[in-house]
Amino acid sequence: MDYNFKEVENKWQAYWRRNKIYQVSVDHKKPKFYVLDMFPYPSGAGLHVGHPLGYIASDIYARYKRLKGFNVLHPMGYDAYGLPAEQYAIQTGTHPAITTEKNISRYREQLDKIGFSFDWDREVRTSDPDYYKWTQWTFIQLFNSWYNLKTNKASRIALLKAEFALFGNGHIKAACSETPTFTAEEWVDMDERQQQQILMNYRLAYLADTMVNWCPDLGTVLANDEVSEGLSVRGGHRVERKSMKQWLLRITAYADRLLDGLDTIDWSESLKDIQRNWIGRSEGGSMLFAVEGSTETIEVFTTRPDTIFGATFMVLAPEHERVKTLTTSSQQAEIDRYIQRTKNRSERERMAEVKKVSGAFTGSYAINPFNGEKLPVWIADYVLMGYGTGAIMAVPAHDSRDFAFARHFNLPIIQVVSRKGESPSDPAGWEESYDSKEGVLINAGFITGLSVKEAISKVIDAATEKGIGTKRINYRLRDAIFSRQRYWGEPFPIYYKDGMPYVLDEKMLPLELPKVDAYLPTETGEPPLARAINWNTAEGYPIETNTMPGFAGSSGYYLRYMDPKNKAEYFSKEANDYWQQVDLYIGGAEHATGHLIYARFWNMFLFDLGLACKPEPFQKLINQGMIQGRSSLVYRVNVEKMAEYLLWEELRDGKMGVSFVRDFRDGHRKFDFFSPEARLVIEVKRQHSLEKLAHPYEAYCQKKGYKLLLIPLRDFIDEMDGIRTRISDAVKGKPVKAFIEKESLKSYLAFVSKNYPGREQFSDPLHVDISLVHNDILDTEAFRQWQPHLAEAVFILENDKYVCGWEVEKMSKSKYNVQNPDELIDRYGADTLRMYEMFLGPLEQSKPWDTQGIEGVFRFIRKFWRLFHNENNELNISDDKAGKAELKVLHRTIRKVEEDNERFSFNTAVSAFMICVNELTDLKCNKREVLEPLTILLSPFAPHLAEEMWSLLGHFQSVVLQSFPAWDEEMMTENTFSYPVSFNGKTRFRIELPVGMDIKAIEETTLATEECKKWTEGKQVKKIIVVPQRIINIVV
RNA sequence: GCCCGAGUGGUGGAAUUGGUAGACACGAAGGACUUAAAAUCCUUUGGCCAUUGCGGUCGUGCCGGUUCGAGUCCGGCCUCGGGUACCA
């Protein structure tokens, strides 16, 4: 054994822990750098190789920054609340805290083995009262705040109350729910309860009746980002729309700032796009339509006011409150039927029927304010109550949904926009609506001839003047539902007095999660906390029984890491001023519309309060790609099919010298194969069937004068050559026994190697555990022992090997393709795992996990070790001065690795190390002058090996505490450059020229060479392009 | 449907600003060392043609363009992956 990674890795992990090497504290002498991984949820399954990918990258970067002289904050903790532990509690009665604790220790054990540089003294857990105290505290601040649109930031509710008492709410501009205007007198006259109800409309954390995503199977509501395609993201349970009283966070108040903030942060464009789409800002106008024969009006939101002359009908959402009053008696039955139908559909059904056009006519007509046209008012569920005003003016000519609706119900279509140079056409002949983003208005009254852009503002201006419309901005983003009907989450610091919610005094925090006798809802359908005994304040007021959602605790955890032990504050001003914000955040893109929006909102709110010093929490963010599984496949043989296939391959096209037919009928008998020339019958069956058939068949064939061969199926597996010999002998007329008594094969469970001819014809793929397969070769013995029914399996090999097929798919237990890092660490060590995960490819790209290449990294690690040792594995380091070639290798590597680290290109950095060690090995370099800086350089990637080598080099201080070596341009400069010479862009030969040579001289020297003459022969040189130290291109 | 991202050898990938396509690694084939195995080392390895050597030719999903020169830029298309979905 040359390099004993097990011993070395254990030794240094213990050393780091004992000496708290990774502990950091505020140090104003050094610049700070904050590297953070996304908060993991410790699931029962533990880590698979996909999880640590991001952790390894951030760890390398954190270690690199440390060597570069930064004071690096690199903490880790756990998002410990979560559904799986609670579901387990419901099933087994085990308290989720116990399950969570167990999972965390398993996680920690796995993390420790990989050699991360986390400062574990800063660990936080969302379920720890010392931590969730501050989650609850922040909720109180949200409750006590409102959003002032004049200052564009959050402000205290107390100030708002003072304003109300002095001036009423008329002049207040707030992000709030719909609230009637009142005067100061009216405010003062209101009783406590009425005042509280008004204030609720303003609070950033507020209680309201809302349509929620109710998941009956999980017994709780879910946020929009926890639902995908009408199913819960976790577990895939069905979700219904239901109206319930819920806590909400007024995140919509921050929509614009969340959008604008994206321009100030260094995230991938695709991630920013996802957030932009999710926030979904659209500018347009709102417009009031009068209703014929009524004083009522309908307000619509539109992004295209310019198309108002093309509006031919209106559509309201079925839940729209005006539907009742607008429906005429003759239409009542139809409207009722439609509303009933849409109500009973689940979210998923509704989505599945998107393509189906449906709706009902109310009987009323609205009036187009610009041309007085009557517009029939319909209801349809393609208009959503939750967006805009829940009503639209339908412009079928220029909107695909309106178009489909108009076609279905035979409503008129009028074109009002035409692209430049195109003449309008008859909409009756259209197959789809006309795209009108660019163009000129036609048939459009006072805006005819204007461009779309001009017309939009002209119509808004005209509507404003008439007092029937305004410019308006709408967002797709909804307020975040913050209640969960669950046990395992933060309790709300809320109690109820006269049915109105009040916050607990901050001194009462943390409000600890109570004990309950079961983790299920009560019989009356209340959340599990309703089971808690004495869940009241000291005064006897009942405490809120909902708990907070998963994103509550993870929205501000990165701030707590700055000052995790603080008893008096969320975090101290000093700590926040120093650490400021996360400089590098690494995690998966799946959090784009959840955690990453909520955390930004949370942080902006704390910024408004003056607590966080930066508005954005995560300055730079990298999404590591997903690691997909690489499944291995074996091919189970259908033996009958295989035998017929293989035999036919032998017999067809006269290969045996005579022709055969398949499925030959002779009277009422049928034989598998028959050769009329050789008068030979061949029958293929299982051994025991042949035993029964042997006598009657032999008798029959004797009578007919046929020769007979009965071939058992097992021969196709182990006696293929024997079959060939028997048939060819029979064809040649040699005497061959029709039937040979044999022991029957017990199992017909056969597996055929991937490249066996005809395999596709007679086998089916089957997943096999990847631990039984190495480099696509199946360990057949291990396979037999894998599952009891495989014990008798037989294999059809190629080149004495069983080659498996493979497929890239999601890593999952059922596909037997989950790679657990512990196994790899056991076999190759943590340093190899770390480097291999990086070597796999660019950090942000998704890639399949495949252990095939890991040997290469393992070899590199041992090769690095051998640089320091002689053939007898004795330490052998020279103090001689390094030669020019050696220094060149070193300095080139330093530069490359530094550049690659800076741009997070760790895969190419690993390559650079390999090239370096290959070259130094060739140079037989064992000079301290080279190996010392190289060891530091390598330490972020392979910290254990580096630490060991560093101590073998005679140092007593950890390599972690050293400085990153500097590279020297001069060490790398060459005097000559080998130019590729190309003709019309095709490289033909190379020429070695001095670096400083001027272009003229280069041209002349090149043209004078023999090789050049060969290529220019008979042609005229038109032009020569010389790019110094790059290429020479000759145009002929 | 819409919005992103990606297509390079048998495989993972490299080519950072338009300048030698295939670095590095795996796998495969052949060889050395060894009683043998492991480990290690050496040679070959994009396709086709030629092969005694020199070499020739095509080639970065497809079609076209810009350029002395395109994996890289532009236009059109195809395939795969991610996000989102009656958002007016």
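Scroll up a little and you will see the structure.
Small disclaimer: the values here were computed from a predicted structure and weren't measured. Per chain, the residues get numbers from 1 upward, laid out in the order the sequence is written. Here the convention is simple: chains get letters from A, ligands get numbers from 1, in the order in which they are written. The predicted origin of the model limits local features to residues at a pLDDT of at least 70 and limits the giving and counting of side-chain atom pairs to 80 or more, whereas totals for whole chains, interfaces and linings rest on all residues. With hydrogens and water excluded, all non-hydrogen atoms of the structure serve as input to the side-chain values.

### Details of the overall build of chain A
Rule in force here: A run of DSSP states H or I qualifies as a helix once it reaches four residues; a run of E qualifies as a strand once it reaches two. Both are numbered from the N-terminal end. Pairs of residues are marked as contacts when any of their non-hydrogen atoms sit within 4.5 Å. Under the counting rule used here, the positive set is Lys and Arg, the negative set is Asp and Glu, and His together with the chain ends is not counted. For the purpose of locating charges, the reference atoms are NZ of Lys, CZ of Arg, CG of Asp and CD of Glu.
Within chain A one finds 35 helices and 39 strands. Considering only C-alpha atoms, chain A reaches an extent of 115 × 95 × 85 Å along its principal axes. Expressed as a percentage of contacts within chain A between residues at least 6 apart in sequence, the contacts between residues at least 24 apart total 70%. In chain A, 131 positive and 143 negative side-chain charges are present, and the distance between their average locations comes to 3 Å.

### Examining the pattern of salt bridges
Operational definition: One speaks of a salt bridge when a side-chain nitrogen belonging to Lys or Arg is within 4 Å of a carboxyl oxygen belonging to Asp or Glu. Exposure is judged per residue with a 1.4 Å probe applied to protein chains only, and the accessible area is read against the type maximum: over 50% gives exposed, under 20% gives buried, and values in between give partly exposed.
For the structure shown, the criterion picks out 44 salt bridges. Of the charged contacts, one joins Asp 256 and Arg 281 as a salt bridge, the two residues approaching to 2.6 Å between their closest N and O atoms. Remark: Arg 281 occurs in the loop between α10 (269-279) and β10 (282-291) and Asp 256 occurs in helix α9 (residues 255-261); sequence separation between them is 25 residues. The partly exposed category is assigned to Arg 281, whose relative accessible area is 32%. A salt bridge links Arg 784 to Glu 781, with the nearest nitrogen and oxygen atoms 2.6 Å apart. A residue pair is termed a helical-turn pair when its members lie 3 or 4 positions apart in one helix, as Arg 784 and Glu 781 do in helix α25 (residues 780-786) at three residues. Exposure remark for Arg 784: the relative accessible area of 23% places this residue in the partly exposed category. Exposure remark for Glu 781: the relative accessible area of 43% places this residue in the partly exposed category.

### Topic: the pairing of strand β14 (residues 374-379)
Just so we agree on the cut-off: Only when DSSP finds a minimum of two bridges between them are two strands counted as paired.
Across the six residues of β14, five count as buried, placing the element largely inside the fold. Inspection of the sheet shows strand β12 (residues 313-316) paired to β14 by three bridges, in the parallel sense. The residue bridging Val 315 from the neighbouring strand is Trp 378, located in β14. Counting the residues in the hairpin turn of strand β13 (residues 360-367) and β14 gives six residues, including Gly 372, whose phi is positive at 75°.

### Structural notes on the packing of aromatic side chains
Selection rule: The criterion for an aromatic pair is that two Phe, Tyr or Trp rings (for Trp, the six-membered ring) have centres within 6.5 Å, with stacked assigned to planes under 30 degrees apart, edge-to-face to planes over 60 apart and tilted to the rest.
This model, assessed by the stated rule, comprises 72 aromatic pairs. On the basis of an interplanar angle of 85° and a centroid distance of 5.3 Å, the ring pair of Phe 139 and Trp 247 is categorised as edge-to-face. Of this pair, Phe 139 sits in helix α5 (residues 129-143) while Trp 247 sits in strand β9 (residues 240-249), placing them 108 residues apart in sequence. Residues Phe 139 and Trp 247 agree in their burial class; the two are buried. For the pair Tyr 836 and Trp 849, a centre-to-centre distance of 5.5 Å together with 75° between the ring planes defines the contact as edge-to-face. You can see Tyr 836 sitting in helix α27 (residues 830-839) and its partner Trp 849 sitting in the loop between β35 (847-848) and α28 (854-867), a full 13 residues away along the chain. Under the relative-accessibility criterion, Tyr 836 is labelled buried at 4%. In this structure an aromatic cluster arises from ring pairing among Phe 33, Tyr 61, Tyr 64, Phe 70, Phe 904, Phe 906, Phe 913, Phe 941 and Phe 964.

### Re the protein's contact with RNA strand B
The criterion, for reference: If even one non-hydrogen atom of a residue comes within 4 Å of a molecule or strand, that residue is called near it. As used in this structure description, the phrase polar contact means that two N or O atoms lie within 3.5 Å; if the pair is within protein, one of them must be able to donate a hydrogen and the other to accept it, and residues adjacent in sequence are counted only when both atoms belong to side chains. Polar here means any residue outside two lists: the nonpolar Ala, Val, Leu, Ile, Met, Phe, Trp, Tyr, Cys and Pro, and the charged Asp, Glu, Lys and Arg; Gly therefore counts as polar.
Neighbouring residues of RNA strand B: 53 residues in total, closest Thr 303, Arg 401, Arg 859, Lys 896 and Arg 990. The contact atoms of RNA strand B, taken as those within 4 Å of the protein, divide so that sugar and phosphate hold 61%. Between RNA strand B and Gln 852 there is a distance of 2.9 Å, counted from a sugar or linking oxygen to a backbone nitrogen or oxygen. Of all the elements in the fold, those that place two or more residues in the surface near RNA strand B are α10, β11 (297-302), α28, α30 (906-922), β37 (986-994), β38 (1023-1027) and β39 (1031-1035). No other element matches α30, which puts six residues into the surface near RNA strand B. Of the residues assigned to the surface near RNA strand B, the class counts are 19 nonpolar, 16 polar and 18 charged.

### Here we look at the environment of Asn 152
Here Asn 152 is to be found in the loop between β3 (145-148) and β4 (153-156). According to the relative accessible area criterion, Asn 152 is partly exposed, its value standing at 39%. The spacing of Asn 152 and Ile 682 is 530 residues in sequence and 90 Å in space, taken between C-alpha atoms. Setting aside anything within four residues of it in sequence, one finds Asn 152 in contact with Tyr 147 and Arg 257. Reaching out from Asn 152, the side chain makes a polar contact with the side chain of Tyr 147 at a distance of 2.9 Å.

### Observations regarding α5
The criterion, for reference: Every helix has an expected span of 1.5 Å times one less than the residues it contains.
Taking 1.5 Å of rise per residue, 15 residues should cover 21 Å, and α5 covers 20 Å from first to last C-alpha, within 8% of that figure. Most of α5 is tucked away: 13 of the 15 residues are buried. A side-chain oxygen of the first residue of α5 lies 3.0 Å from the backbone nitrogen of Asp 130; this N-cap is Asp 128.

### Quick notes on the nonpolar core
Keep this limit in mind: Among buried residues, those of type Ala, Val, Leu, Ile, Met, Phe, Trp, Tyr and Cys that are joined through side-chain atoms within 4.5 Å constitute a nonpolar core.
Of all hydrophobic cores here, the largest spans 88 residues; its most connected members are Leu 111, Met 835, Phe 906, Leu 938, Phe 941 and Leu 945. Setting aside chain neighbours within four positions, we find Met 835 in contact with Val 857, Phe 860, Ile 861, Val 910, Phe 913, Leu 938, Phe 941 and Ala 942. In terms of nonpolar packing, the next biggest core, distinct from the first, is built from 80 residues, Trp 134, Ala 205, Tyr 206 and Leu 559 among them.

### Topic: a positive patch on the surface
As a reminder, the rule being used: Each patch is built from residues that are more than 30% exposed by relative accessible area and take part in no salt bridge. Like charges join if they lie within 9 Å; nonpolar side chains (Val, Leu, Ile, Met, Phe, Trp, Tyr) join within 5 Å. Areas reported as accessible are Shrake-Rupley estimates using a 1.4 Å probe. Residue values count occlusion only from the protein chains shown.
A surface patch of like charges, here positive, comprises Lys 986, Arg 988, Lys 1014 and Lys 1019. Relative to the helices and strands, Lys 1019 resides in the loop between α35 (1010-1016) and β38. Classification of Lys 1019 as partly exposed rests on a relative accessible area of 49%.

### Quick look at the packing of helix α1 (residues 5-19) against helix α26 (residues 821-828)
Quick note on the threshold: A fitted line through C-alpha atoms represents every axis, and for helices the fit uses only the stretch in contact; the resulting angles, taken between N-to-C directions, go from 0 to 180 degrees.
The N-to-C vectors of α1 and α26 enclose an angle of 115°; their axes lie 8 Å apart at closest approach. Here Phe 5, Lys 6 and Glu 9 of α1 lie close against α26, whose contacting residues are Ile 825, Asp 826, Arg 827 and Tyr 828. Of the residues belonging to the contact of α1 with α26, the class tally is three nonpolar, no polar and four charged.

### Side note on the sheet that holds β38
Within the open sheet, the four strands sit side by side as β37-β36-β39-β38. Their pairing is mixed. One side of each edge strand has no neighbouring strand; the edge strands of this open sheet are β37 and β38. On average, each strand axis in the sheet is inclined to that of its neighbour by 20°, with strand direction left out of account. With eight bridges connecting them, strand β36 (residues 976-983) and β37 associate as antiparallel partners. Bridging from a neighbouring strand, Phe 977 pairs with Leu 993 of β37.

### Some words on the pairing of strand β22 (residues 582-587)
Heads up, the rule is: Seen with its strands pointing away from the viewer, a crossover is right-handed if its path from the first strand over the helix to the second goes clockwise.
With respect to burial, β22 is a largely interior element, six of its six residues being buried. In this sheet, β22 lies alongside strand β1 (residues 32-37) in parallel orientation, the contact comprising three bridges. Bridge assignment links Asp 37 to a residue of β22, and that residue is Ile 586. When β22 meets strand β23 (residues 618-623), the two strands line up parallel, connected through five bridges. Residue pairing for β23: Ile 586 is matched across the bridge by Ile 622. Following the chain from β22 across helix α19 (residues 595-608) to the adjacent parallel β23, one finds a crossover that is right-handed.

### Some thoughts on the environment of Asp 191
Within the element layout of this structure, Asp 191 appears in the loop between α7 (184-189) and α8 (192-200). On the accessibility criterion, Asp 191 (41% relative accessible area) is partly exposed.

### A look at the sheet that holds β1
On the basis of which strands lie adjacent, the open sheet formed by four strands has the order β2-β1-β22-β23 and parallel pairing. A single partner strand is all that each edge strand has here, and the edge strands are β2 (71-73) and β23. Direction aside, the axes of adjacent strands within the sheet are offset by 20° on average.

### Description of the environment of Leu 53
Its place among the elements puts Leu 53 in helix α2 (residues 52-67). Linking Leu 53 and Gly 587, residues 534 residues apart in sequence, is a C-alpha distance of 9.3 Å. Residue contacts for Leu 53: discarding those within four places in its chain leaves Gln 624, Gly 625, Ile 627, Glu 837, Met 838, Leu 843 and Lys 847.

### Quick notes on the side chain of His 869
Along the chain, the position of His 869 falls in the loop between α28 and α29 (884-902). A polar side-chain atom of His 869 sits 2.8 Å from the main-chain carbonyl oxygen of Trp 865. If we skip the residues at most four places from it in the chain, His 869 touches Glu 874, Leu 875, Asn 876, Met 949 and Leu 952.

### Section: the packing of helix α3 (residues 83-92) against helix α4 (residues 96-114)
In a pair of packed helices, the angle between the axes and the distance between the axes together describe the arrangement. How we decide: Any angle that is under 35 degrees is reported as roughly parallel, and any over 145 degrees as roughly antiparallel; angles of 65 to 115 degrees are reported as roughly perpendicular and all others as oblique. Two helices crossing with the near one rotated counterclockwise from the far one by less than a right angle form a left-handed crossing, whereas a clockwise rotation gives a right-handed crossing.
Close contact between α3 and α4 brings their axes to 8 Å; oriented N to C, the two are set at 130°. With respect to α4, the axis of α3 lies oblique. With respect to the hand of their crossing, α3 and α4 are arranged in right-handed fashion. Between α3, through Ala 85, Glu 86, Tyr 88 and Ala 89, and α4, the contact on the second element is made entirely by Pro 96, Thr 99 and Thr 100. For the contact of α3 with α4, the residue count by class is four nonpolar, two polar and one charged.

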